[in-house]
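Commentary on secondary and tertiary structure
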Amino acid sequence: MPIDATLPYDDGNIFARILRGEIPARRVYEDDFALAFHDIAPQAPVHVLVIPKGRYVSWDDFASAASEAEIAGFVRAVATVARDLGLVPPGYRLLANVGGDGGQEVPHLHVHLFGGRSLGRMVAG
Ligand code: AMP
């Protein structure tokens with residue numbers, strides 16, 4: 001079920017639990033600002049999620065409430081993960097779902113990083 005991205009942060013969400021090490025994830029990168037791990041239901045040969053370490057529900061929440069250092073650190077981490085995965089060439093796609101119409105299901109900001117094949121046009125369905 002898509003979430004209401006205006007709700008307060010829920011510390012019990014699944015990505016908060018991954019950040020706390022309470023449930024496993026196939027981690028690919030971590031620094032002071034971000035954690036990256038493989039999506040449990042990949043939709044491309046490479047499908048990695050990158051999440052900020054701070055308590056932010058969505059891109060909207062993050063952009064308005066995060067510090068400059070957190071924003072810069074997160075943006076750089078996303079790019080680093082893509083680079084480290086060898087995706088700069090041939091290319092990749094970033095996607096952040098926000099709220100109901102965006103189809104966001106986990107209420108902790110995450111950027112999807114897709115690659116490993118030609119990804120076609122942007123929006124389906
Ligand atoms: P979204 O619809 O943008 O909120 O995407 C949530 C994503 O989280 C989906 O692609 C799920 O497959 C993925 N996901 C849910 N639970 C886990 C988990 N425990 N580990 C890794 N990915 C997960």
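Preceding this paragraph is the structure being described.
Residues numbered from 1 in each chain as written. Predicted model: local features only at pLDDT ≥ 70, side-chain atom pairs only at ≥ 80, totals over all residues. Heavy atoms only, no water.

A short note on the site of the ligand
Our working rule: Distances are taken per atom, and a residue is near a molecule or strand as soon as one of its heavy atoms is within 4 Å of it. Polar contacts here mean pairs of N or O atoms no more than 3.5 Å apart (in protein, one a potential hydrogen donor and the other a potential acceptor; neighbouring residues in sequence count only if both atoms are side-chain atoms). The numbering of helices and of strands both runs from the N terminus, where a helix is a DSSP run of H or I of at least 4 residues and a strand a run of E of at least 2.
Around the ligand sit 16 residues, and of these Asp39, Asn97, Glu105, His110 and His112 come closest. In this structure, an oxygen atom belonging to the ligand sits 2.8 Å away from a side-chain N or O atom of Asn97. His110 is positioned with one of its side-chain polar atoms (N or O) 2.8 Å from an oxygen atom of the ligand. Taken together, the elements giving at least two residues each to the shell around the ligand come down to α1 (14-19) and β2 (34-38). At three residues, α1 tops the list of elements feeding residues into the shell around the ligand.

Some words on the sheet that holds strand β3 (residues 46-52)
Where we set the bar: Pairing between two strands requires that DSSP report at least two bridges joining them. Fitted lines through C-alpha atoms give the axes, limited to the stretch in contact for helices. The angle between two N-to-C directions lies from 0 to 180 degrees.
On the basis of which strands lie adjacent, the open sheet formed by five strands has the order β1-β2-β3-β5-β4 and antiparallel pairing. Of all strands in the sheet, those with a lone pairing partner are β1 (27-30) and β4 (93-95), marking the two edges. If you compare each strand with its neighbour and ignore which way they point, the axes differ by 20° on average. Where β3 and strand β5 (residues 111-115) come together, five bridges link them in antiparallel fashion. Within the sheet, the bridge partner assigned to Leu49 lies in β5 and is His112.

Considering the side chain of Asn13
Inclusion rule: Buried means the residue's accessible area, taken with a 1.4 Å probe over protein chains only, is under 20% of the maximum for its type, while exposed means over 50%, and partly exposed covers the values in between. In this analysis, two residues are considered to be in contact whenever any of their non-hydrogen atoms come within 4.5 Å of each other.
Relative to the assigned elements, Asn13 resides in the segment before α1. Classification of Asn13 by relative accessible area gives buried; the value is 5%. Of the polar contacts made by the side chain of Asn13, one reaches the side chain of Tyr9; its length is 3.1 Å. Ignoring anything within four residues of it in the chain, the contact list for Asn13 reads Val106, Pro107 and His108.

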